[in-house]
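Single-letter residue listing:
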Amino acid sequence: MASAEPEYKSSSTSQPPAGVDYSKVDVILRFLLLAASVVALAVIVSSDQTELVLFQKILVPQPAKFKYSPAFVYFVAAFSVSGLYALVSALASISVIQKPEFKLKFLLHFLFWDALILGIIASATGAAGSVAYVGLKGNSHVGWIKVCNVYDKFCRHLAGSIAVALFGSIVTVLLIWLSAFTIHSRVPK
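What you are looking at is a predicted structure, and each value in this text was computed from that prediction instead of being measured.

Structural notes on helix H1 (residues 23-45)
Quick reminder: α-helices carry 3.6 residues per turn. Residues three or four places apart thus point the same way.
Part 1 of the argument: If you check H1, its first and last C-alpha atoms are 33 Å apart, about what 23 residues at 1.5 Å a residue would give, namely 33 Å.
Part 2 of the argument: Structurally, H1 contributes buried residues whose contacts are with helix H2 (70-98), helix H3 (103-137) and helix H4 (152-186).

Structure, rendered in structure tokens:
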């Protein structure tokens, strides 16, 4: 005689809903972050400029380099870390495409690490942007003069690097949203 008791299935063997696979978009965004990090670094590191500046009625050659400002040094360090992270996470994301059984675990790790990287590069972009703004406009309240009228090439490089860094921050936000959405769509309802 057949048993009348219902058969229960273990929840650990059931697979999450399939949904749409955004793994390739994830890889593309990670390579965009890598490209943005490398370009931001290349532009700010190549921003050296030397001009003749009047000092006690004598023209003196005065260089402007990114390493003279702690905010710009932090920017270079932050985007070096971001570029390395983007490379490693892109390779990990490619491996997840090849072995999808680890996808959810990697997505959770990506979400945490992407948020950390976003905090680092957003703070570095803000710090560099604020110093560049003072260089562009000066601050008459504390007696800081603007320097971008003298160091025009240096300031253009800074502006380009900060613009690319903002793009990198937006790409990182998109990576976080993509990971969160993918995790959310796989949760059984």
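Description of the pattern of salt bridges
Part 1 of the argument: By the definition in use, this model includes three salt bridges.
Part 2 of the argument: Where Arg30 meets Asp26, a salt bridge forms, and the shortest distance between an N and an O atom there is 2.9 Å. Of this pair, Arg30 and Asp26 both sit in helix H1, four residues apart, roughly one helical turn. Grouping residues by exposure puts Arg30 and Asp26 together as buried.
Part 3 of the argument: In this structure, the salt-bridge partner of Arg30 is Asp114, at a minimum N-O distance of 2.9 Å. With a gap of 84 residues between them, Arg30 in helix H1 and Asp114 in helix H3 connect regions that are remote in the sequence.
Part 4 of the argument: The class for Arg30 is buried, based on a relative accessible area of 0%.

As for the packing of H1 against H2
Part 1 of the argument: Between H1 and H2, whose axes approach to 8 Å, the crossing angle comes to 155 degrees. For the element pair H1 / H2, the angle class is roughly antiparallel. The interaxial crossing formed by H1 with H2 has left-handed handedness.

What to know about the environment of Ala165
Part 1 of the argument: Among the secondary structure elements, Ala165 is positioned in helix H4.
Part 2 of the argument: When the C-alpha atoms of Ala165 and Phe79 are compared, they prove to be 8.2 Å apart, with 86 residues separating the residues in sequence.
Part 3 of the argument: The residues contacting Ala165, other than those within four sequence positions of it, are Ala40, Phe75, Phe79 and Thr125.

Some thoughts on the UniProt feature "transmembrane region" (unreviewed entry) in the protein
Part 1 of the argument: The sites that UniProt annotates as "transmembrane region" (unreviewed entry) are residues 27-45, 71-94, 106-134 and 162-183.
Part 2 of the argument: Helix makes up 100% of residues 71-94 and strand 0%, with an end-to-end C-alpha separation of 34 Å.
Part 3 of the argument: The span residues 162-183 is 100% helix and 0% strand, and its two end C-alpha atoms sit 32 Å from each other.

Digging into the state of the cysteines
Part 1 of the argument: A full pass over the atoms with the stated rule returns one disulfide.
Part 2 of the argument: Each sulfur in the disulfide pair Cys148 and Cys155 lies 2.0 Å from the other. The disulfide joining Cys148 to Cys155 has a torsion of about -85 degrees about its S-S bond and is therefore left-handed. Across the pair, Cys155 and Cys148 agree in class, each one buried.

What to know about the packing of H3 against H4
Part 1 of the argument: With their axes 8 Å apart at the nearest point, H3 and H4 run at an angle of 155 degrees to one another. On the basis of the axis angle, H3 is roughly antiparallel to H4. Handedness of the H3/H4 crossing: left-handed.

What counts and how
- Residues numbered from 1 in each chain as written.
- Predicted model: local features only at pLDDT ≥ 70, side-chain atom pairs only at ≥ 80, totals over all residues.
- Heavy atoms only, no water.
- Helix = DSSP H or I, 4+ residues; strand = E, 2+ residues; numbered from the N terminus.
- Expected span 1.5 Å × (residues − 1).
- Contact = heavy atoms within 4.5 Å.
- Salt bridge = Lys/Arg side-chain N within 4 Å of Asp/Glu carboxyl O.
- Buried < 20%, exposed > 50% of the residue type's maximum accessible area, 1.4 Å probe, protein only.
- Axes fitted to C-alpha atoms, helices over the stretch in contact; angles between N-to-C directions.
- Parallel < 35°, antiparallel > 145°, perpendicular 65-115°, else oblique.
- Left-handed = near helix turned anticlockwise from the far one by under 90°.
- UniProt positions renumbered as here; feature names shortened; annotations may be inferred.
- Disulfide = S-S within 2.5 Å.

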